Amino acid sequence: MIQTVKDIDLEGKRIIMRVDFNVPMKDGVVQDDTRIQKALPTIKYIVEHNPRSLVLMSHLGDPAKDVKKAKAKAEDAGKPFDEEAFINGKNRMKPVAEYLAKLLNKEVIFAGAVLGCKDKVDALPAGGVMMLENTRFEKGEKSKDAAEMDAMAKELSTYGDVYVNDAFGTAHRAHASTAAIAKYMDVKVGGFLMEKEVKYLDPMVSNPPKPQVAIIGGAKVSSKIAVLESLLKNASALIIGGGMAYTFLKAQGHTIGKSLVEDDYIETAKKLLSSAAAKNVKIVLPVDHIGAEEFGPNAPAVAVDSLDIPANLMAMDVGPKTIKLYKEVLSNAKSIVWNGPVGVFEFDAFAKGTEAVAHMVADATTNGAISVVGGGDSVAAVNKFNLADKMSHVSTGGGASLEYLEGKTLPGIAALQTK
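Please read all numbers here as calculations on a predicted model, not as lab measurements.

Visitor: Any chance you could break down empty space enclosed by the protein for me, citing the residues and the numbers?
Guide: Taken as a whole, this structure holds 2 cavities of 30 Å³ or more when the rule is applied. Put simply, the largest cavity is a space of about 50 Å³. Of all the elements, helix 1 (residues 34-48) adds the most residues to the lining of the largest cavity, at 3 residues. Here the lining of the largest cavity is composed, by residue class, of 3 nonpolar, 2 polar and 4 charged. Lining the second largest cavity are Leu228, Leu232, Leu238, Ile240, Phe248, Leu272 and Ile283. Looking at the lining of the second largest cavity residue by residue, the classes come out as 7 nonpolar, no polar and no charged.

Visitor: Kindly report on helix 4 (residues 94-104), identifying the contributing residues and their values.
Guide: Along helix 4, the positions that sit buried rather than exposed are Pro95, Val96, Ala97, Leu100, Ala101 and Leu104. For helix 4, the secondary structure elements touched by its buried residues are strand 2 (25-26), strand 3 (29-30), helix 1, strand 4 (53-57), strand 5 (108-110) and strand 6 (128-131). Asparagine 105 lies just past helix 4 and shows a positive phi near 55°.

Visitor: Outline the environment of alanine 214, listing residues and values.
Guide: With respect to the secondary-structure elements, alanine 214 resides in strand 9 (residues 212-216). Ignoring sequence-local partners within four residues, the contact set of alanine 214 consists of Leu231, Ala237, Leu238, Ile239 and Val337.

Visitor: An account of the environment of valine 189 is requested, with residue identities and associated values reported.
Guide: For valine 189, the position within the fold is in strand 8 (residues 187-190). A sequence separation of 24 residues divides valine 189 from asparagine 165, and the C-alpha atoms of the two residues are 6.5 Å apart. Ignoring sequence-local partners within four residues, the contact set of valine 189 consists of Gln3, Thr4, Val5, Ile8, Tyr163, Val164, Asn165, Leu416 and Gln417.

Parameters at a glance
- Residues numbered from 1 in each chain as written.
- Predicted model: local features only at pLDDT ≥ 70, side-chain atom pairs only at ≥ 80, totals over all residues.
- Heavy atoms only, no water.
- 1 Å grid on protein atoms, 1.4 Å probe; cavity = no way out; pocket = protein on both sides within 12 Å on 5 of 7 lines; lining within 4 Å.
- Points joined across faces, edges and corners; volume = space filled by probe spheres on them.
- Helix = DSSP H or I, 4+ residues; strand = E, 2+ residues; numbered from the N terminus.
- Nonpolar A, V, L, I, M, F, W, Y, C, P; charged D, E, K, R; others polar.
- Buried < 20%, exposed > 50% of the residue type's maximum accessible area, 1.4 Å probe, protein only.
- Contact = heavy atoms within 4.5 Å.

See the structure below:
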C-alpha cells in the first residue's frame, strides 16, 4: 500500500503536489468541477497541518494538440482563429486557481509560469498556496528526451521538501510532474484520492472477492484486449457488451448486419473465447438486440429477437433477453468491475441496456458486493442515471483505471513510497 500525507509530518514543510485539475473549460470558465472536488480533502488536510507552503501543479488539456485541432476546425469553416484567445479560454490555470480559492475560502496565488518560480515559492507567506501554470506548456513535461524531462523535474523538485501525488487520472503517464520529479525528492507520498483508487482497484486485479463478474463494454475489442486477458485470471464470468460484442459474435459465426466490427480482431476474439473456456470462465454475449438502420439519436429502434441481426440493421443496444441473462450472472457476484457501456447510452432510445446494468450493479452493491466502475463512458453512464453514489467506487481515471485493470504498473504510483 502507498504511503499518504497521513503517514508523514507536514508541519513547516514545503509541499509540491500534483493534482488532476484537467477540467472542461469554456471561455475561461470551469464547466465541471468534479476533479477539483475530488482533490479537496487532501488539499484541505495539508493546509490544516501548517505547512510552510503548498504548491499545486496540473495539466489542463494539451495546448499544442488543442490548438492544432481548433485551428483546423476554424479553417474548415472559413473562420478566423485567435490562438491566444483560444489558449486563454481553454488551457490557462489562472481561472482554475481562482475557482479553487473560492472553494477553499483562501487565497491561491497564481504563479503565471511553471519553471523559474523558486523565488515566488520562497516569498509565499506561511501556509500560502500557489498554483503553477499548465505543466503541458513546458516541453519537458512529456518530452521523449529524458534529459529534458529530468531538467524540468529537477527544477520542480526545488519548490518542495515533500512531493504529494493525488492525480490518479495521470498516474499512467511517466511525465515530469507525475513520476520523474519523485527521483529528486526524499519524501514522496500519495493523497487520499490516490489511496482510494489503489485500495479499490488493486484487489480487483490481484485478489477479488469471488465470484467476480467483469462487465466490459465499449466500441472496440482492440482497446480492451489487455483488460479482458487480465480479468480472465480471476473472474467467474465476463459480460461483453457494446460495439465490441459484435466482433465476438461474428467470430462465433453469427450474422451481425451493419454492426460495428473489427475484422482484424476476429482471430483474437476466438482465442479469448477458447482461453475463457479453458479457464471455465463464462462469457456472456448478447442473445437479442435493439437495432437501427442508421447511427443517430433519432433513428427508430428495432427489436431483434434473435442472435443473428438482419443485413439492414446495426446493433445499438442489448435486448430484454440479454438483460435477463445479465441479471442471473450478476445476482450472486461478490465483486463487480465495470468498464464500458453495453449500448449507445448517449441516445435515449438505446440506453435501456446500460441503464439496466447500472441498476443491477447498484443493487448488487446494496446486497454486499464490492463494485468498481472505471473508464470514462461507464462513469458517464452511472452519473447519467444518478447511481454513482450507489457504487463502492467510481474511478476518476479513464486511461489510468483501464491500465490498472490490465495489470500494468502505473509510473505515478510506482514512484511513491510504500508502507
